[in-house]
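Fold and geometry: a report
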Amino acid sequence: MGPPAAAAEQLDRGQRAASLAQQQKGVPYQYGGRTPQGFDCSGLVYYVYGKLGVNLPRTAGAQYDHTQRIALADLKPGDLVFFLNANHVGIYVGDGWFIHAPETGKPVGGAWLNTGYWHDNYYGAGRP
């Protein structure tokens, strides 16, 4: 027997979110941006999940408050990873890798959760 239907649907949605986030690699950073013309960190999350029919708040802090807490060891593709007191967010892809819109001058790209800066500033994770 496979996972319950709701769990299977959640996993599928997470995998689709991770895939959609990866498709945005190279999009320029734009403060307040939430379209493929330019994203900030929470705008990327807002866009990706909006495409999947999930209505999330617009800011990283509100997204943190709106998601179910997930332990680092239980991360699955599509989970949101938060940094800097929930002032920055990315979308977990798997194997320790996440996609995010880092900062002005740096386009959407990926990073490793377990590397210095991201490891040191990790705040928590949430499942939409």
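As shown above, the structure is provided for reference.
Our subject in this report is the structure included herewith. Since the structure is predicted, the reported quantities are computational estimates derived from the model, not experimental observations.

So, on to the environment of Arg127. With respect to the helices, strands and loops of the structure, Arg127 is situated in strand S8 (residues 122-127). Distance in space between the C-alpha atoms of Arg127 and Pro77 is 9.7 Å, their sequence separation being 50 residues. Sequence-distant contacts of Arg127, defined by excluding residues within four places in its chain, comprise Gln10, Thr67, Gln68, Ile70, Asp74, Lys76 and Asp79. Reaching out from Arg127, the side chain makes a polar contact with the backbone oxygen of Asp74 at a distance of 3.2 Å. Within polar-contact distance, the side chain of Arg127 engages the side chain of Asp79 at 2.7 Å.

Time to look at the pattern of salt bridges. Within this structure, the stated rule accounts for four salt bridges. Ionic pairing is found between Asp40 and Arg58, a salt bridge with its closest N-O pair at 3.1 Å. Linking Asp40 in the loop between strand S2 (38-39) and helix H2 (41-51) with Arg58 in the loop between H2 and helix H3 (60-66), this pair joins segments that are 18 residues apart in sequence. For Asp40, a relative accessible area of 8% corresponds to the buried category. Under the relative-accessibility criterion, Arg58 is labelled partly exposed at 22%. Note that Arg127 is salt-bridged to Asp79, the shortest N-O span being 2.7 Å. Residue Arg127 is found in strand S8, and its partner Asp79 is found in the loop between strand S3 (68-70) and strand S4 (80-83); the two are separated by 48 residues along the sequence. Comparing Arg127 with Asp79 shows no difference in burial state: the two are buried.

Rules of the game
Residues numbered from 1 in each chain as written. Predicted model: local features only at pLDDT ≥ 70, side-chain atom pairs only at ≥ 80, totals over all residues. Heavy atoms only, no water. Helix = DSSP H or I, 4+ residues; strand = E, 2+ residues; numbered from the N terminus. Contact = heavy atoms within 4.5 Å. Polar contact = N/O pair within 3.5 Å; in protein donor to acceptor, adjacent residues only side chain to side chain. Salt bridge = Lys/Arg side-chain N within 4 Å of Asp/Glu carboxyl O. Buried < 20%, exposed > 50% of the residue type's maximum accessible area, 1.4 Å probe, protein only.

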